[in-house]
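# Structure assessment
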Amino acid sequence: MNAALRSVVRSAHFHNIECVGYFRGYQGIIENDFKILDMRSVSNILESGGTVLKTARSQDFLMPEFRVKAFQHLKTLEAEALIVIGGNGSITGANIFANQFDFPCLGIPASIDNDIYGTDFSIGFQTALQTIVESVDKIRDTARSHNRLFFVEVMGRNNGNLALYSSIASGACFVIIPEKKFKISDLAKRLKLGKALSKTSSIVIVAEGNNHGSCYKIAEDLSQVFDEYESKVTILGHLQRGGAPLVMDRVLASRMGLSAIQALLSDKSNHMVGIIDGKNVLTSMKDVVEKQKTINQKL
């Protein structure tokens, strides 16, 4: 997100556009908590994880009267447009705000879940994926040494992208994702096949939003039909959300930040910027909010 912020600010200043940064997202607009962003204020943040402007889930912004307050603060500053960097909730908020006040808004997709319609990849996905794969590589050392079966739960809410990509990249024997119906018998069958081929350890990647339950429940239910491995559970949790961004995320965020400024200059507001098949695209925020991103069936 910092790479995107840096790109927005520097692209804007190239076109003589002044920028203001609100702290903690929509809550900061409601509370009028902001700072002027010049070229130097976004120096040395490209390599930093998280966001220097902080972030928050604003319950107040759900209520019309607080959105009115936010709009008044923007108008007092003579703001002409709002760029929102975030996930589905943030883009939904921008869409509601744009429609309620006829105010130009642009969205930049940032979510490790990679579940946002209108772009191949959202900011943060590649970095989170790398963290997961590095963690699974370490877990595999223990699995091999102790002849164990490890269930590794990854984030993703109701989207299996993180689990799917990381299972391929880490060589997991099985992946459980929300988009595919899962049966314990299928996993037991795969593990029995591995045992027959003298496999002494296994890794199973589990998406947190799968339709069976937590890693612990899956491990417990598996033990009822297959107990030839000692099963262990690792939930990576918020490890996946931190760390310095990878090169691909820095480039992606930088391209999207510039794209957002170019869209505003072309009067293309109320859209989200994205990159599909390597090309910059604009998708209406209405479509982003209403349409669901599907998983890559080829993977």
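Let us look at the structure shown here. In this text the structure is predicted, and so the values were computed from the model without any measurement.

Each helix and strand counted, the protein chain has 10 helices and 10 strands in total. Judged by the C-alpha coordinates and their principal axes, the protein chain covers about 70 × 35 × 35 Å. Scored against the burial criterion, the 299 residues of the protein chain give a buried share of 46%. For the protein chain, the share of sequence-separated contacts (at least 6 apart) that also reach a separation of at least 24 residues comes to 73%. For the protein chain, the exposed area adds up to about 15100 Å²; of that, 50% sits on carbon and sulfur atoms. Seen as two clouds, the 34 positive and the 30 negative side-chain charges of the protein chain have centres 5 Å apart.

Another point: the sheet that holds strand β4 (residues 105–109). Within the open sheet, the 4 strands sit side by side as β3-β4-β9-β10. Their pairing is mixed. Edge positions in the sheet fall to β3 (82–86) and β10 (279–284), since each of these pairs with one other strand and no more. This sheet shows a mean twist of 30 degrees between the axes of neighbouring strands, independent of strand direction. As paired strands, β4 and strand β9 (residues 271–276) are joined by 2 bridges and run parallel to one another. Note on β9: the bridge partner recorded for L106 is H271.

Inspection of the secondary structure puts K293 in the segment after α10 (285–290). For the buried K293, no salt bridge is present, and the opposite-charge side chain at shortest range is D120, 5.9 Å distant. One polar contact links the side chain of K293 to the main-chain carbonyl oxygen of D120, over a distance of 2.8 Å. Beyond its immediate chain neighbours, meaning those up to four positions away, K293 contacts N114, D115, I116, Y117, T119, D120, F121 and N159.

What follows is about a nonpolar patch on the surface. A contiguous nonpolar surface patch, about 240 Å² in accessible area, is contributed by V20, I36 and L77. With respect to the helices and strands, I36 occurs in strand β2 (residues 34–37).

Residue pairs spaced three or four apart in an α-helix point in one direction, given the helix's 3.6 residues per turn. Counting buried positions along helix α6 (residues 161–170) gives 7 out of 10 residues, so the element sits mostly inside the fold. Those residues of α6 that sit buried are N161, L162, A163, L164, S166, S167 and S170. On its buried face, α6 sits against α5 (125–146), β5 (148–154), β6 (174–176) and β7 (202–207). Once α6 finishes, G171 follows within two positions and takes phi at roughly 70 degrees, a positive value.

A word on the side chain of S122. Relative to the elements of secondary structure, S122 occurs in the loop between β4 and α5. S122 gets classed as buried once you look at its relative accessible area, which sits at 0%. Here the side chain of S122 touches S111 through a polar contact of 2.6 Å, landing on its backbone oxygen. Not counting the four nearest positions on each side in its chain, S122 is found in contact with P109, A110, S111, N114, I116, D249 and L252.

Let's shift gears to the sheet that holds β6. With respect to topology, 4 strands assemble into an open sheet ordered β6-β7-β5-β8, the strand pairing being parallel. The open sheet is flanked by β6 and β8 (230–235), the only strands paired with a single partner. Recorded for the sheet is a direction-independent mean angle of 20 degrees between the axes of neighbouring strands. Here β6 runs beside β7; their pairing, made up of 3 bridges, is parallel. Within β7, the position partnered with F174 by the bridge is V204. Across the sheet, helix α7 (residues 184–196) is in contact with β5, β6 and β7; its angle to β6 comes to roughly 165 degrees. Sheet strands touched by helix α8 (residues 215–223): β5, β6, β7 and β8. Its angle to β5, the strand with the most contacts, is close to 150 degrees.

So, how was this worked out
- Residues numbered from 1 in each chain as written.
- Predicted model: local features only at pLDDT ≥ 70, side-chain atom pairs only at ≥ 80, totals over all residues.
- Heavy atoms only, no water.
- Helix = DSSP H or I, 4+ residues; strand = E, 2+ residues; numbered from the N terminus.
- Buried < 20%, exposed > 50% of the residue type's maximum accessible area, 1.4 Å probe, protein only.
- Contact = heavy atoms within 4.5 Å.
- Areas by Shrake-Rupley, 256 points an atom, 1.4 Å probe, with all protein chains shown as cover.
- Lys, Arg positive; Asp, Glu negative; His and termini not counted.
- Charge placed at Lys NZ, Arg CZ, Asp CG, Glu CD.
- Pairing = 2+ DSSP bridges.
- Axes fitted to C-alpha atoms, helices over the stretch in contact; angles between N-to-C directions.
- Salt bridge = Lys/Arg side-chain N within 4 Å of Asp/Glu carboxyl O.
- Polar contact = N/O pair within 3.5 Å; in protein donor to acceptor, adjacent residues only side chain to side chain.
- Patch = residues over 30% accessible without salt bridge, like charges linked within 9 Å, V, L, I, M, F, W, Y side chains within 5 Å.

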